[in-house]
Every structure is written in C-alpha cells, then in structure tokens.
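Here is how the chains run, residue by residue.
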Amino acid sequence: MATVYVDNKACEMNPEENLLHGCLSHGFKLPYFCWHPALGSVGACRQCAVKQFKDDKDSQGKIVMSCMTPAAEGTRISIADPEVVAFRAGIIEGLMLNHPHDCPVCDEGGECHLQDMTVMTGHDYRRYEFEKRTFRNQDLGPLVNHEMNRCIQCYRCVRYYRDYAGGRDLNAFASRDQVFFGRSEDGVLENEFSGNLVEICPTGVFTDKTLKHHYARKWDQQFAPSVCVHCALGCNTDAGERYGSLRRIVNRYNHEINGYFLCDRGRFGYEFVNSEARLRQSVLKDRPTSAAAARQYLDQTVANGRVIGIGSPRASLESNFALRTLVGPDHFYSGIADHEAKLVGLMLEILRRGPMRTPTLRDIEESDVVLILGEDLTNVAPRMALSVRQSVRQQPMEAVKKLKVPLWLDHGVRDAMQDARGPLYIATPYRTRLDEVATATFRAAPDDLARFGFAIAHALDSSAPISHETSQDWLMAAAIARALKAAKKPLVISGTSCASEAVIQAAANVAMAANTALSFTAPECNTIGAALMGGNSLSAAFQAVKDGEADTVIILENDLYRRAPQAEVDSMLKAATHVIALDHLPNPTTEKAELLLPAGTFAESDGTFISSEGRVQRFLQVSAPQNEVMASWRWLKPDHWQSLDDVLRAMAKALPELDAACDAAPSSKFRIAGAKIPRSPLRESGRTAALVNINISEPKTPDDPDSALSFSMEGTPDQPPAALIPFFWSPNWNSIQAVNTYQKEVGGPLRGGDAGVRLFEPAPRNGQAYFSAIPRAFSPRQGAWLLVPMYHIFGSDELSLAAPGIRELATKPHVAVNSDEFAEGAEVEVNCAAGTFRLPVMIHREMPVGVAALSVGLSPLVGIQWPTWGKIARAK
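Predicted, not measured: the structure shown is a model, and the values here were computed from it.

Asker: Explanation requested: the sheet that holds strand 20 (residues 490-495) in the structure shown.
Answerer: Sheet strands line up and pair through hydrogen bonds in the backbone, either parallel or antiparallel. Spatial strand order, 19-18-17-20-21: five strands in an open sheet with parallel pairing. Of all strands in the sheet, those bounded by a partner on one side alone are strand 19 (440-443) and strand 21 (517-521). Taking the axes of each pair of neighbouring strands and ignoring which way they run, one obtains an average angle of 15° across the sheet. Sheet topology places strand 20 next to strand 21; five bridges connect them, and they run parallel. Considered in strand 21, the bridge of S494 is made with F520. Where helix 10 (residues 338-353) meets the sheet, its contacts fall on strand 20 and strand 21, and the angle it forms with strand 21 comes to roughly 155°.

Structure, rendered in structure tokens:
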C-alpha cells in the first residue's frame, strides 16, 4: 500500500489505483461524474479536481484531476483547499448552465448523482438567465426512457454501451458545440444490457421506462434484497415496492457475481409480479374459496388419498422441501424434464468429484483464454456473456502493463490495445452474439461438438480418449489446446443447451486435461437446487398416476406442459382423481387443477436458490402478501413449522448437503443493537396514509417472522450484512453510487463479504478417469432433420414473458435452418414426436446441414424432448 496525505491526513491507498478511487475508498466526499469503477478514467468532466503538492513545504500546489493521477507513495493532496473548492464549484455551475430546472418531475429526483454532487460542491444558485440548449428525445423502446436535455456530457453512457457491453447502435453525435447521445434514429436499443444505462447515467437522461408506468420516488419505496429468477446465474437484485405493487428492480452489488450490471431480462422482467392475470385467491372446483377452506381440503385430500408431489426448478428450496415433507421422500418427483434432469445430474457429478473449480462471474471476467462448448451465453446466461466480453481484454492488457500504462487509465489502455483481443473459442450449432469478439468459431451438430471437445482434451493430454477418425477441424482443436495450455487462467464453459451428455462430458475432459476452471450453465433459477433436492423422475410420476399407484398430484410452481409432450401431460392429469396446483400465474397446468392455491412470487415470499455456480443465496420478500397469496412453503408446511428458520433446520437435518442454506443469510433473530433492518429509507413519506382509501385508521405494521427486516423505516441505521442489504444509501449519497460506501475499497468486495455460500470447491483429482463414450460423427438423414433447441433472452423464460416490456421484445417462434429448399420467412410445417408446428423459416448459413434449431419456450414449442428428429416441409 502507498501512503497518501489527504489534507495532511495519512491514508493507505492502493498504488495500482488513482487518487479518486483511494479518496472514495477512505470515505472522503470528492465529487465526480465521468469516472466509474467498472469503466476506469478518461478525465472528461474535470469535477474530481484536487490540489497536489510537491512536498510538505509546497504551499502553492497545482490543480490535478484525481481520477487521472496515480495514488503514488508520498503523494500530498488537498480536497478542501479554497482554490480547488472554487474550481469544482465552477465546473458544476458550467455543467448546470443548460440543465433543466425539472428535478420535481424528473424520474431520477431524490436518487440523482448530479443532485448529490451539486449539493456536495455547495452550488445552490443559478446565475445563468439566458436560453438553454435543447434536444429532441428519442423513443428507445419499451425499457429505457430518453430525456436528452438533462445531459452533462460525461460520456459514461457510450463508454459503457460501446466499450463495455459491446453495443453499436448508441453513440455520441457531435456538431460544433453540441453533443447528442442516442441512436442515429428512433428505435429499440439493440444491446441486451441497455438497461444498465439507467444506473450508469449520473443524471436523468436514461431512466427506467417500466417504472414510469407505476412511478414512486426512491424514498417512498420499500426495498428488500433479492435474487434474479430469470436464469440460473443468481444475480443479486434489490426489489422496490409501493402500495403492494412491485415498482422496479435495481442492481444489488455483489463483487463475485453481477458486480454493477444486470441483463435487461433480469432488470425488466419483474412486471409479471403485477400482472392482472395473477392468481390471488384460492379456487376449488372452479369456484373461489377461502384460504382456510383450501388448506382444509388440501389436508383431507392428502390424508385420504395416494399422493405424489411434483417439485419445480423455479421454486425455492424451502417450497420444494415442504412438498417433499408433505408427500414423503419416496413420493416426491423433481419436476425437471427427464432429459434435462439427466444432464443436470451429470453436471453435479462432475462438480462434486472433479478437480475443476466452478468460477464466479468475476473469475470468468478475469480469465485469459475461454472455450465455450455448446452454449449461446447471451441468450442462456446473459450476465455470464457480459463477463466473457471482458475476458477477451485480459491477454492484451498484459502487453499494456509492459508499457507502464496504469489499467485504470481507460483511454490509455484502449489506445494501447487497439483492436487486440485475447483467445475466445466458441463451438455451437448456430451463431451467437459473442462471435464478434471470438478468435474462432466452430459450427456443428451436438455430437460433432462433443467430438471436437474430446479432440481438444486429447491434444492437451494424450491419455484422454479420442476417435480414430481425423478431420481438418482437429487443427483448430490443436490450436485451442495450445492456447489453453499456455494460459494463466483458462476457462471452459458448457451446459445443457445442446441437450447432449456427450458435450458436457467433453467439456469436463478438456477442463481436466488443461487443469482449467469449468463453468456450467443451467436453465432456471433453482435448477441446481431442485437437482440436489433429489426425487424421482418426472416420467415416473406420470407412470405412477397412470398405473393407479397415486390418485392425487400436487404440482408446485410448474407448468408440466413445458416439461413433457402435451399428450403425456393430458393423459396423466386426466388419470388423476385430484390435481392440486400452486403457482403465480395461470398456465395450461393450473387450468386443469381441481384446487388452485395462489403462490407468492419472489417479491412476496422468502426462500433460497442455488445458482449454476453452486452458490446458495437467500431472497427476501419486499412486501407482505395481499389477498390470500402465500409463499408456497407456507401452503404446504406442517403445523410445527412457524418460520423460515424452522424449514431450514428441518431441511439441513434431512438433507445434509443442503445445510449451507442455513448460512446463506443471518436468521430471523439477527439484530443490530437490538433493532431490525428497515426496508424503507429514512426519508419515507406517506406510508402512514398508504391505506387511507381502505381504512382511515392506520393499521399495525406487518410482522415478518422469517427475516431480520422490518416493514417500515424503523430500525438500525447501521450497515447490515451483505445478504440483508435492502438498498444502498449513505449520507450525501442518495444515488446508486452510494454502494461505494459499502465496499472495503471501491470496486471491491462488500464489507463483511459478499452474499452467498459456495457449495462446490475443487477436490484433488485422485485419478478420476476421463469420460470415454465418444459419439459417432453426425450423419444427416435423407428427408429428416435433427432438431436442437435455440434459446432467446426475450421469450424463452416463462416468467419474464408475462412482463409487457419483455413480451414486446420477444422473438417470434421460428425454425432456423441452412437450406436452399426454403425461402427466408416462408411458412413450413415441422413434424416431430411432440406434434406438428407451423412456423416461419430463418436461414442461418453458418449452421450444419441437416440440423434445424427451434425456438425454446415460446408457444407452441414447449414440451419437446431434445434433441429429436423431425421432418420439415413447405406449409400447405
């Protein structure tokens, strides 16, 4: 560490960072705009000025930009020097010349970084009385709102969007003395991470358009720490609520996972919680009934019938375990499609036994060579794709270090790197968004992708198995092997997307041979947790009902028509005497239920998910459930379970592998100086009148027996542990930049450690054998196509598709092929074991001949058992 003197106070600072980073890490109030911990320094705004002195005898000093000055040993600076204070005040006054006087109507008001910095510099009066510069705003789609008149030209937006996220349709357009930040024309922002502009922008230029539909100020919202439910990565979020309505999702910083950024599906998919179609009352035999009557009927049916329970990979550990307890372990079925369950089981076996470490998203970002085998990350695990984008900078930055360019000096680093990228190899059946930064791509059918992976493993270790057949593709395999062998932090990524055990085994072989980290993707938010919970197969559940071994089926947050062919599900549900379903939204399965119980979403219940990394994380309800909505585990629990802690203790005893769930967050008994943690900011207003339209008497604040959070602004003012942080706020820091004050050092881990507990850590190899079942080379069939799944970030996820903004952007279901037989957009009929589907054709010239990709999760393309063979013909 370097000793830096700030206003004659000695401070230990990181010598590999700049003075602004060091000052903020020590809690000094130094204003800034253009700098961001994830983006580095460019010195555009001049707001972070300090005075630097040569030594302790220098009384004159000179003004420097702290974001552009290294925190070198012995540096002496002043933040409070009158000259530099006046300089910063002049900068902020200049920035405010054209800024509109619209704070009361600006969506950013009350959590605006510009407001915070203006107050911090003491600027409180506008002398400028002339006409202001104005711009025309653009329609940027259903997710992000644009108000260009509020811009202060900090350039954060284009630096993030273009340099960090890889977008190309947002830019800075300059003419004479004016700069416009937007698109060349109105239109939807094309990048899947555009929503981060809402938090990157220090003013109100880019704001959350979904929030405008039900706007509430930050200080009027209730918040709770949560976990994204739209994929398996486990990104940390904060949910904001007002009047029982979920208003928005914002990023909750976790150094090891999502850092500062979310994908658009994770940020804007929340609106399914507010859907008018939500199930909010119990329904028995097509008639509304009370919660008490529903629970009584459930108990009687379980007591008198032969009952099985079908769990869900999108339900919490607690809810799955409550169902398992209700029906008994022998009558519990995992609720994962059979083919998917086998793949996830294989991945768990590899992670448990193997010497390969499953990396965090932070680790992925720092990897210097990456091989992706079979996964379209942008559409399956979007936030991981953003990390991979940063990984291609790692090797070129080694050359930058040799030039003595500090890595925080962003423009200097990018000038030195130019277009250089580190090795990234992608092997998939069809093109992906990451191809644009890839060193090389390989397109093949799943079996050939597996063979390619086995070849790479053999090139790394001659004792690894390989087919005797040869191909020119093995030259690429050898090149990839050399890159992995030479890397300092190599990484292999694979998963379930190709529906191929061989692809997963090949990835494991490569990781073992190269001694790399190994990351697997999974389809849903708790797929890993559901697999660890165990249970019989879904097909076994169907068979048990058909054979008369069970007459009652309890289905937990699971649309079975997405897991199995329609005919099979219809047959099972028809054979069951009683069908009981718990869910948030109506779906084809709930329509067949005799008893329907309204289940709480992540916003109305507490629970635990396990991410694809194997990280156990807690999500907490942001508001007390309304009507008869309850967390699924509360509908199913035995009487002696009174709180979430009781469920967790029982689960840890019954399933020791899941005892880490108890440590995912402090228990409901946790207190700081005897006080709970408030869900609401100290400035909350109007909460006492929130229900005046129902009753003039203020009701008692709801009690929360399941967490250490209170449903009010009453509680400790101290910073809680990471897993219990409902929102980021600190005196003088009302914007999301307040996260700086929660970190050990800016951009680093949170104080006390980041949220979550890892389940899988690398074990010694101990002679584990390579997988050796190499599939035969793919051979196209005359008149038939191998159908493989194609995922879409907007459309494949069941819950986010119910959010209006996401639904507007959702991909239309289609079939992608490489064929001259069909014209682009032409209607065809796809016939396979799951049925006949009429779809438009998309021509993908990069795809292997004989392979067709179908959109996953979009009706009617659900319930297909992948991969499968089918026929494609022109529609009649």
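Asker: Is there a simple way to explain the sheet that holds strand 25 (residues 607-610) in this structure?
Answerer: With antiparallel pairing, the three strands of this open sheet are ordered in space as 25-26-29. With partners counted over all chains shown, the strands left at the sheet margins are strand 25 and strand 29 (757-758), one partner each. Summarising the sheet, strand 25 and strand 26 (residues 615-619) pair through four bridges and their orientation is antiparallel. Residue pairing in the sheet places T608 in a bridge with R618 of strand 26.

Asker: I'm lost on the domain arrangement of the chain in this one. Help?
Answerer: The figure often quoted for interface size is the accessible area lost as the parts come together. In terms of domain boundaries, the chain breaks down into domain 1 (2-96), domain 2 (282-334 + 535-654), domain 3 (349-521) and domain 4 (785-874). Centre-to-centre separation of domain 1 and domain 3, based on C-alpha positions: 40 Å. Contacts between the two partners involve 11 residues from domain 1 and, on the opposite side, four residues from domain 3. Approximately 550 Å² of surface area, both sides summed, lies buried where domain 1 meets domain 3, with 62% of it carried by carbon and sulfur atoms. Ranking the residues of domain 1 by area buried against domain 3 places S41, V42 and M68 at the top, with a combined share of 51%. In this assembly, domain 1 and domain 3 are joined by three residue pairs in polar contact (both at pLDDT 80 or more).

Asker: How should I be thinking about the nonpolar core in this particular structure?
Answerer: Most often, soluble globular proteins keep nonpolar side chains buried together rather than apart. Y160 and F602 are the most contacted members of the largest nonpolar core, which has 128 residues in total. Setting aside anything within four residues of it in sequence, one finds F602 in contact with S226, V229, A239, L246, I249, Y270, F272, V273, F619, L620 and Q621. Counting 112 residues, the second largest nonpolar core, distinct from the first, contains Y425, F452, I528 and A660.

Asker: Whenever I open this one, the packing of helix 10 against helix 18 (residues 501-514) confuses me. Can you help?
Answerer: Helix-helix packing is characterised by the crossing angle of the two axes and by the distance between the axes. The N-to-C vectors of helix 10 and helix 18 enclose an angle of 15°; their axes lie 10 Å apart at closest approach. One way to sum up the angle between helix 10 and helix 18 is to call them roughly parallel. Between helix 10 and helix 18 the crossing geometry is right-handed. On helix 18, the residues touching K342, L343, L346, M347, I350 and R353 of helix 10 are E501, I504, Q505, A508 and M512.

Asker: Explanation requested: empty space enclosed by the protein in the structure shown.
Answerer: It is a probe the size of a water molecule, rolled over the atoms, that shows where empty space is left. For the structure shown, the criterion picks out 15 cavities of 30 Å³ or more. As for the largest cavity, its lining consists of 33 residues, of which E340, P523, E524, Y791 and V856 are closest to the centre. Secondary structure elements with two or more residues in the lining of the largest cavity: helix 10 and helix 12 (377-380). Ranked by residues supplied to the lining of the largest cavity, first place goes to helix 10 with three residues. Split into classes, the residues belonging to the lining of the largest cavity amount to 16 nonpolar, nine polar and eight charged. Its volume calculated, the second largest cavity comes out at about 320 Å³. Along the wall of the second largest cavity there are 23 residues; nearest its centre are E111, E199, R248, V250 and I736. Breaking the lining of the second largest cavity down by element, the ones donating at least two residues are helix 5 (197-200), strand 9 (206-208) and strand 12 (245-251). Tallying contributions element by element places strand 12 first for the lining of the second largest cavity, with three residues. Looking at the lining of the second largest cavity, its residues break down into 10 nonpolar, four polar and nine charged.

Scoring rules and cut-offs
- Residues numbered from 1 in each chain as written.
- Predicted model: local features only at pLDDT ≥ 70, side-chain atom pairs only at ≥ 80, totals over all residues.
- Heavy atoms only, no water.
- Pairing = 2+ DSSP bridges.
- Helix = DSSP H or I, 4+ residues; strand = E, 2+ residues; numbered from the N terminus.
- Axes fitted to C-alpha atoms, helices over the stretch in contact; angles between N-to-C directions.
- Contact = heavy atoms within 4.5 Å.
- Domains from an automatic or database assignment.
- Buried area = accessible area lost by both parts, 1.4 Å probe.
- Polar contact = N/O pair within 3.5 Å; in protein donor to acceptor, adjacent residues only side chain to side chain.
- Core = buried A, V, L, I, M, F, W, Y, C linked by side-chain atoms within 4.5 Å.
- Buried < 20%, exposed > 50% of the residue type's maximum accessible area, 1.4 Å probe, protein only.
- Parallel < 35°, antiparallel > 145°, perpendicular 65-115°, else oblique.
- Left-handed = near helix turned anticlockwise from the far one by under 90°.
- 1 Å grid on protein atoms, 1.4 Å probe; cavity = no way out; pocket = protein on both sides within 12 Å on 5 of 7 lines; lining within 4 Å.
- Points joined across faces, edges and corners; volume = space filled by probe spheres on them.
- Nonpolar A, V, L, I, M, F, W, Y, C, P; charged D, E, K, R; others polar.

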